Amino acid sequence: MLTHTGTLTIETDRLILRKFEYSDDEAMLRYWVADEKVQSLYSEPVYSTKEEVKGLLDKYIGSYAKDDYYRWAIIDKEIGECIGQIAYFLVDNKNHFAEIEYCIGTDFQCRGYATEATKAVIDFGFNKINLHKVQICTKTINTPSKRVIEKCGFTYEGTLRDYFFWNDQYVGRLYFSILRSEYENKR
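Residues numbered from 1 in each chain as written. Predicted model: local features only at pLDDT ≥ 70, side-chain atom pairs only at ≥ 80, totals over all residues. Heavy atoms only, no water.

1. Quick notes on the environment of Tyr60
Stated precisely, the cut-off is as follows: A run of H or I in DSSP becomes a helix once it reaches four residues, and a run of E becomes a strand once it reaches two; helices and strands are each numbered from the N terminus. Relative accessibility thresholds used throughout: buried, under 20% of the residue-type maximum; exposed, over 50%; partly exposed, between the two (1.4 Å probe, protein chains only). Two residues form a contact once any of their heavy atoms are found within 4.5 Å.
By the secondary structure assignment, Tyr60 is in helix H3 (residues 50-63). Residue classification places Tyr60 among the buried residues on the basis of a relative accessible area of 5%. Residues Tyr60 and Tyr70, spaced 10 residues apart in sequence, show a C-alpha to C-alpha distance of 9.5 Å. Apart from the residues lying within four places of it in its own chain, the contact partners of Tyr60 are Phe20, Tyr42, Tyr69 and Arg71.

Below, the structure is given as structure tokens:
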């Protein structure tokens, strides 16, 4: 049985993962939600105005009332701003698993932030929520995301071929997972 806590603050060496706040809007616009490349790889729309970001934040912040809602703003401790987000966007209570999604602003990519945040959220899932399995997926063309997934110890499960129509071409969706027993053995 899962033990839902809702989105609690998590601190790592360089990051604070916390609930979104309305004051995150400017950093979100500056670093990631208005960036077409980041948003399209993450399969999300581009948000170009403060009004659009406020609508997104209304959705995020309004969902924190649910104890099985897990979405964190990724705050870089050094600059104190939101550089991305990470979430368990799918939580399956019956089968005791959840799926992670994340995005990091272009200026902060390939510096280990996504790996650091993902490892912290995996730990949270197994140790706080009591998950049996954590899964994650990425587009076949997203090499940096595949590196994050490998560094976090996920096992490849399979590919859904031609899953996305992206930039006038079809690309696959790669699925990976880690089981509680595998996670505990790697600690």
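2. Observations concerning the layout of surface pockets
The test is simple: Computed over the protein atoms alone on a 1 Å grid, cavities are sets of points where a 1.4 Å probe fits but cannot get out and pockets are open sets with protein on both sides within 12 Å along at least five of seven lines; a residue lines them when it has an atom within 4 Å of a point. Grid points are joined across faces, edges and corners, and a volume is the space filled by probe spheres set on the points. Each residue gets one of three labels, nonpolar for Ala, Val, Leu, Ile, Met, Phe, Trp, Tyr, Cys and Pro, charged for Asp, Glu, Lys and Arg, and polar for the others, Gly among them.
When its volume is computed, the largest pocket comes out at roughly 730 Å³. Lining the largest pocket are 36 residues; nearest its centre among them are Leu41, Tyr102, Thr138, Asn142 and Ser145. Among the residues making up the lining of the largest pocket, the classes are represented as 18 nonpolar, nine polar and nine charged.

3. Some remarks on the nonpolar core
Under the convention used in this document: Nine residue types can take part in a nonpolar core, namely buried Ala, Val, Leu, Ile, Met, Phe, Trp, Tyr and Cys, and a core is a set of them joined through side-chain atoms within 4.5 Å.
Judged by nonpolar contacts, the single largest core of 56 residues is most densely connected at Leu17, Tyr88, Ile100 and Phe154. Counting residues per element, this core draws most heavily on helix H4 (residues 113-129), at nine residues. Apart from the residues within four sequence positions on either side, Phe154 is in contact with Ile100, Thr118, Ile122, Val134, Gln135, Ile136, Ile149, Phe176, Ser177 and Ile178.

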